[in-house]
Amino acid sequence: MRVEKPIVVEDGLYNQKQAAVLLDVDRHTVARYEADGLIVFKSRKAGGRKVTTGKEILRCWGEVYHL
């Protein structure tokens, strides 16, 4: 997990791989964060891929670092 705050567009949409890169963790760790309720993903209607917002990525980062 990265120490400095990730640079994201709060209203932007990010898939699990992109979220993992921004948080500097493995994609499987992001899936675990989702299972633990630290980050929320929604399925896109087009293609059914899971996406989250930049705001959720920042919230997850803050929860992990207890900010």
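Residues numbered from 1 in each chain as written. Predicted model: local features only at pLDDT ≥ 70, side-chain atom pairs only at ≥ 80, totals over all residues. Heavy atoms only, no water.

Caption draft 1: Seen up close, the pattern of salt bridges. Applying the stated rule across the entire model yields three salt bridges. Between Glu34 and Lys50 there is a salt bridge; the shortest N-O distance is 3.3 Å. Placement of Glu34 in helix α2 (residues 27–35) and of Lys50 in strand β3 (residues 50–53) is noted, with a sequence separation of 16 residues between them. Taking the relative accessible area as the measure of exposure, Lys50 reaches 38% and is therefore partly exposed. (Salt bridge = Lys/Arg side-chain N within 4 Å of Asp/Glu carboxyl O. Helix = DSSP H or I, 4+ residues; strand = E, 2+ residues; numbered from the N terminus. Buried < 20%, exposed > 50% of the residue type's maximum accessible area, 1.4 Å probe, protein only.)

Caption draft 2: Examining the pairing of β3 more closely. Two strands pair when backbone bridges link them, and strand β1 (residues 13–14) and β3 are joined in this way by two bridges, in the antiparallel orientation. Each bridged residue has a counterpart across the sheet, and for Tyr14 the counterpart in β3 is Thr52. Pairing of strand β2 (residues 42–43) with β3, which is carried by two bridges, proceeds in the antiparallel orientation. Opposite Lys42, over in β3, you have Val51 as the bridge partner. (Pairing = 2+ DSSP bridges.)

Caption draft 3: How the structure looks around the sheet that holds β1. Sheet architecture is open: three strands sit in the order β1-β3-β2, paired in antiparallel fashion. One side of each edge strand has no neighbouring strand; the edge strands of this open sheet are β1 and β2. Across the sheet, helix α3 (residues 54–64) touches β1 and β3, and the angle it forms with β3 is around 75°. (Contact = heavy atoms within 4.5 Å. Axes fitted to C-alpha atoms, helices over the stretch in contact; angles between N-to-C directions.)

Caption draft 4: Quick look at the packing of aromatic side chains. Taken as a whole and judged by the stated rule, the model has one aromatic pair. Their ring planes at 50° and their centres at 5.8 Å tell us that Trp61 and Tyr65 sit as a pair that is tilted. Residue classification places Trp61 among the buried positions, given a relative accessible area of 10%. Taking relative accessible area as the criterion, Tyr65 reaches 31% and is therefore assigned partly exposed. (Phe/Tyr/Trp six-rings, centres within 6.5 Å; stacked < 30°, edge-to-face > 60°.)

Caption draft 5: View of unusual backbone geometry. You will see that Asp24, though not glycine, has its phi angle at about 60°, which is positive. Take Asp24: it is sitting in the loop between α1 (16–23) and α2.

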